[in-house]
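The lines below spell out each chain.
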Amino acid sequence: MNSSHTIQRTKTAIKWIQSDPLRAKWYGADCPDCGTHSLSFLLSSPNGGVAKVECMIDLGGCGWEDSK
């Protein structure tokens, strides 16, 4: 981390994040409904893209979700 406490990502990591629309939209973001940092990414298959993003209730989230 740098002095402003932001994570410096490699080009490979940035490319991976941007390779899926839902991952690009929500990776590193807080829940838009409750503000917690407990978003979970559910894959369509083990090597597939992100099928759904949800705010994990068991980690204090609200259950909000976004999907393709």
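Description of the structure in this document. (Residues numbered from 1 in each chain as written. Predicted model: local features only at pLDDT ≥ 70, side-chain atom pairs only at ≥ 80, totals over all residues. Heavy atoms only, no water.)

Brief notes about the overall build of the chain
The condition that has to hold: Secondary structure elements follow DSSP: runs of H or I no shorter than four residues count as helices, runs of E no shorter than two count as strands, and numbering proceeds from the N terminus. Remark: exposure states derive from per-residue accessible area (1.4 Å probe, protein chains only) relative to the maximum for the residue type, with buried under 20%, exposed over 50%, and partly exposed in between. A contact between two residues is defined here by any heavy atoms of the two lying within 4.5 Å. Surface exposure here means Shrake-Rupley accessible area, sampled with a 1.4 Å probe, where a residue is shielded only by the protein chains that are shown. Asp and Glu are treated as the negative residues and Lys and Arg as the positive ones, with His and the ends of the chain left uncounted. A charged residue contributes its charge at one atom only: NZ of Lys, CZ of Arg, CG of Asp or CD of Glu.
Check the secondary structure of the chain and you find two helices and three strands. For the chain, the spread of C-alpha atoms along the three principal axes comes to 30 × 30 × 15 Å. For the chain, the residues scored as buried account for 22% of the 68 residues in total. In the chain, 28% of the contacts between residues at least 6 apart in sequence involve partners at least 24 apart. Accessible surface, the chain as shown: approximately 4900 Å² in total, 53% of it carbon and sulfur. Between the mean site of the 7 positive side-chain charges and the mean site of the 7 negative ones, the chain shows a separation of 14 Å.

Section: the pattern of salt bridges
Oppositely charged side chains can form a pair if their charged atoms are brought close together. Going by this rule: Any carboxyl oxygen of Asp or Glu within 4 Å of a side-chain nitrogen of Lys or Arg constitutes a salt bridge here.
Tallying each qualifying case throughout the model produces four salt bridges. In this structure, Lys52 engages Glu65 in a salt bridge whose closest nitrogen and oxygen atoms are separated by 3.6 Å. With Lys52 in strand β2 (residues 50-55) and Glu65 in strand β3 (residues 65-67), this residue pair connects regions lying 13 residues apart in the sequence. A single network of salt bridges, built from pairs that share partners, joins Lys52, Glu54 and Glu65.

Regarding the nonpolar core
Across soluble globular proteins, nonpolar side chains show a tendency to be buried alongside one another. For clarity, the threshold we go by: Remark: nonpolar core denotes a set of buried residues (Ala, Val, Leu, Ile, Met, Phe, Trp, Tyr, Cys) joined through side-chain atoms within 4.5 Å.
If you look at the biggest cluster of nonpolar residues, it comprises eight residues: Leu22, Trp26, Cys31, Leu39, Val50, Val53, Cys55 and Trp64. Elements that contribute at least two residues to this core include exactly α2 (21-26) and β2. The leading source of residues in this core is β2, at three residues. In this view, Cys55 contacts Cys31, Cys34, Thr36, Ser38, Leu39, Gly61, Cys62, Gly63 and Trp64; residues no more than four positions away in its chain are not counted.

Scope: geometric values only; no functional claims are made or implied.
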